[in-house]
Amino acid sequence: MDHVVNAGFMTEEERKAYEEIPSQHAKYWVPCIWFISLVRRARVGGRIAGAPSVKSIIDEVNRFHDQCDEIFGFDWVSVPLVYTQVVTIAVYTFFLACLFGRQYLDPEHQYDGNTADLYIPVFTLLQFLFYFGWLKVAEDIMDPFGEDDDDFEMNLIVDRNLQLSYLAVDDLFSASFPLVKDLHYGDPDPEIPYTKASIKSKANPWPGSAERMKISKKGMAIAELSAPHIRIHHNHDSRRDHKVSSPTSSNTLRCEDVECLHCHQSREIGRASCRERV
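A brief structural summary. (Residues numbered from 1 in each chain as written. Predicted model: local features only at pLDDT ≥ 70, side-chain atom pairs only at ≥ 80, totals over all residues. Heavy atoms only, no water.)

It is worth spelling out the overall build of the protein chain at this point. When helices and strands are counted, the protein chain shows eight helices and four strands. Written out in order from the N terminus, the α and β elements of the protein chain read α-α-α-α-α-α-α-α-β-β-β-β. In the protein chain, the share of contacts with a sequence separation of at least 24, taken over all contacts with a separation of at least 6, comes to 37%. Taken as a whole, the protein chain presents about 24500 Å² of accessible surface, with 59% of it coming from carbon and sulfur. (Helix = DSSP H or I, 4+ residues; strand = E, 2+ residues; numbered from the N terminus. Contact = heavy atoms within 4.5 Å. Areas by Shrake-Rupley, 256 points an atom, 1.4 Å probe, with all protein chains shown as cover.)

A word on the pattern of salt bridges. Summed over all chains, the structure comprises four salt bridges. Here lysine 55 ties to aspartate 59 by a salt bridge, and the two come within 2.9 Å at their closest N and O atoms. Of the two residues, lysine 55 and aspartate 59 are both situated in helix H4 (residues 51-76); the distance of four residues between them amounts to about one turn of the helix. Here lysine 55 falls in the exposed class, since its relative accessible area comes to 53%. We classify aspartate 59 as partly exposed; its relative accessible area is 36%. Between lysine 136 and glutamate 139 there is a salt bridge, with its nearest N and O atoms 3.8 Å apart. Of this pair, lysine 136 and glutamate 139 both sit in helix H6 (residues 122-142), three residues apart, which is roughly one turn of the helix. The exposure class of glutamate 139 is partly exposed, given its relative accessible area of 36%. (Salt bridge = Lys/Arg side-chain N within 4 Å of Asp/Glu carboxyl O. Buried < 20%, exposed > 50% of the residue type's maximum accessible area, 1.4 Å probe, protein only.)

Here we come to the layout of surface pockets. Estimated volume of the largest pocket: approximately 2100 Å³. Surrounding the largest pocket, 36 residues form its lining, Phe9, Pro31, Phe64, Leu162 and Ser165 being those nearest its centre. Among the secondary structure elements, those contributing two or more residues to the lining of the largest pocket are helix H2 (12-19), helix H3 (30-44), H4 and helix H7 (154-171). With nine residues, H7 is the single largest residue contributor to the lining of the largest pocket. In terms of residue class, the lining of the largest pocket is made up of 28 nonpolar, four polar and four charged. (1 Å grid on protein atoms, 1.4 Å probe; cavity = no way out; pocket = protein on both sides within 12 Å on 5 of 7 lines; lining within 4 Å. Points joined across faces, edges and corners; volume = space filled by probe spheres on them. Nonpolar A, V, L, I, M, F, W, Y, C, P; charged D, E, K, R; others polar.)

Next up on the list: the side chain of threonine 84. Mapped onto the elements of the fold, threonine 84 is located in helix H5 (residues 81-101). A residue is classified by how much of its surface remains accessible, and threonine 84, at 16% relative accessible area, is buried. Apart from residues no more than four positions distant in its own chain, threonine 84 is found in contact with Val79 and Met142.

Right under this line is the structure:
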């Protein structure tokens, strides 16, 4: 913690409050709680315009907290040591067996089925390269925050993020420029200049599958919707008539203009009566 205070990331008062927290577990979440308290005070003091801005800030803090939880989980629940030992022993034992098992017997003895037809073990060499390559990659992934060439440069990441944070808050936050018309103002299709190196890669992009689709005029015509079916309510009177009702029209239609369930004929919408065919 002395290095954190000397670097300016924490004050002595904050360090004292941090160390007085009665918890034996990791306390990386404590600065997030302090930050949320500062946001609440800034909102009450009028330093933050409205509630949407507060929500955006809190969401970013929660995202940062979730990422800290994820890193803590990677460090806490690591790959079991037995698994790494088993994989390493299996790879070395396999190639030790290949060293003896994939050799030909002495051709001078002329053993059956042991004629030497391949003097360079190509597939064995490929297996050696692939298996040992995967093993080395797995060993590097086990400790991504180490000091190898393929690990994360944590010092560079911390220095960069610190510099960008101070630049965004102190220097660039209040920067303003006069509004002027840009170079291509009023030009709906401006020509962007290309360098001699980039003009070689300029090409028309491949169009989508539906961009050049052609439809005939007949296919683009509006289709006429068929009339809905009309239900006929039978009224068995002395003339054996049955009524046809429609909610969209009050006209009186003939039996030939409607769909009569009793006669099984397709007709138009309306009110009508039709005499049952005997």
